[in-house]
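Chain residues, written in single-letter form:
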Amino acid sequence: MTTTDRGPTMTERAVEQLRRAIVLGELEAGERYSATELGERFGMSRTPIREATQELVRLGLVTVERNRGIRVLPTSLESFVEGFEVRLMLEVPLAARAARSATQDERDAIAAAFARFVEVAETGDADATLRCDRDFHAALLEVAGNRRAVEVLTEQRNLVLKTGVGTVPNMRSTVECAEDHRAIVDAIVAGDGPAAGAAMRQHILNTADLLLRQESAGRSEFGAPDALRALEQLR
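Residues numbered from 1 in each chain as written. Predicted model: local features only at pLDDT ≥ 70, side-chain atom pairs only at ≥ 80, totals over all residues. Heavy atoms only, no water.

A. Region of the structure containing the nonpolar core. Counting 44 residues, the largest nonpolar core has Phe 117, Phe 136, Leu 140, Ile 184, Ile 188 and Met 200 as its most contacted members. Beyond its immediate sequence surroundings of up to four residues, Leu 140 is in contact with Leu 94, Ala 95, Ala 98, Ile 110, Ile 184, Ile 188 and Met 200. Residues Tyr 33, Ile 49, Ile 70 and Val 72 belong to the second largest nonpolar core, which totals 19 residues. (Core = buried A, V, L, I, M, F, W, Y, C linked by side-chain atoms within 4.5 Å. Buried < 20%, exposed > 50% of the residue type's maximum accessible area, 1.4 Å probe, protein only. Contact = heavy atoms within 4.5 Å.)

Dropping the structure here:
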């Protein structure tokens, strides 16, 4: 019996379009938007928009104001730091596991994902580079073999992206973004678990440093001294 891959539902499309608009700043933090307004903006009826908002609430991106619409939530310094703490707790040991347990085919797949990452980064396309960044981490986590961790980390990535998408190219170039992953790939290809964990830890801290410094420059609630203390807390 053959199966046919179904396309995304209207609700799934609404989730992705709304999430993307929040990530890119097209829907601004602190602003309120009605379901009617969003439906007109994205060419959808109010039903999938309303259903999509429940997923966005679960991801911590919006809050629902009864009979008034949704309000996009700003990322607090506390939730920002917690997200990176989760990444350090999960991605570091999972990278080490991937390096130890990957088959040769899996090592080749990770190396290929990174090669694609670099190729796209060299075009200077920030949006495409961020997608490759996501795909690279997903490929690595798949090798590590913990689906629940993948779900948790995906949610954290969505939360951080809402604030941090501007690091490329504002804080680093697309090529610098890709190259920050090279040590991870080298360690996994070599089967060196401790080196893979250490490289992943350094990559996560590098990203946290850039994002915290960027946000402290533009948001009063991310005051520079507080941001620096938060970064030291992560280390």
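B. Region of the structure containing the packing of helix α4 (residues 77-101) against helix α6 (residues 126-144). Running from N to C, α4 and α6 point in directions that differ by 65°, and their axes come no closer than 8 Å. For the element pair α4 / α6, the angle class is roughly perpendicular. Taken as a pair, α4 and α6 cross one another with a handedness that is left-handed. For the pair α4 and α6, the contacting residues are Arg 87, Glu 91, Leu 94, Ala 95, Arg 97, Ala 98 and Ser 101 in the first and His 137, Leu 140, Leu 141, Val 143 and Ala 144 in the second. Looking at the contact of α4 with α6, its residues break down into 7 nonpolar, 2 polar and 3 charged. (Axes fitted to C-alpha atoms, helices over the stretch in contact; angles between N-to-C directions. Helix = DSSP H or I, 4+ residues; strand = E, 2+ residues; numbered from the N terminus. Parallel < 35°, antiparallel > 145°, perpendicular 65-115°, else oblique. Left-handed = near helix turned anticlockwise from the far one by under 90°. Nonpolar A, V, L, I, M, F, W, Y, C, P; charged D, E, K, R; others polar.)

C. Region of the structure containing the environment of Ser 45. Within the secondary structure layout, Ser 45 lies in the loop between α2 (35-42) and α3 (46-58). Taking the relative accessible area as the measure of exposure, Ser 45 reaches 44% and is therefore partly exposed.

D. Geometry of the pattern of salt bridges. Under the counting rule described, the total for this entry stands at 10 salt bridges. Here Glu 16 and Arg 19 are joined by a salt bridge, their closest N and O atoms 3.3 Å apart. Highlighted residues: Glu 16 and Arg 19, both in helix α1 (residues 10-23), separated by 3 residues, approximately one helical turn. On the accessibility criterion, Arg 19 (14% relative accessible area) is buried. Arg 116 is paired through a salt bridge with Glu 119; the nearest N and O atoms lie 3.8 Å apart. Of the two residues, Arg 116 and Glu 119 are both situated in helix α5 (residues 104-121); the distance of 3 residues between them amounts to about one turn of the helix. (Salt bridge = Lys/Arg side-chain N within 4 Å of Asp/Glu carboxyl O.)

E. Broad picture of the confidence of the model for the chain. In this model, the chain carries a mean pLDDT of 83, and residues with pLDDT of at least 70 account for 83%. Ranking the elements of the chain by mean pLDDT puts helix α12 (residues 224-234) last, at 61, and helix α10 (residues 182-190) first, at 97. A low-confidence stretch, residues 1-5 (pLDDT under 50), is modelled with 0 contacts involving residues beyond four sequence positions or located in other chains. (pLDDT = per-residue confidence, 0-100.)

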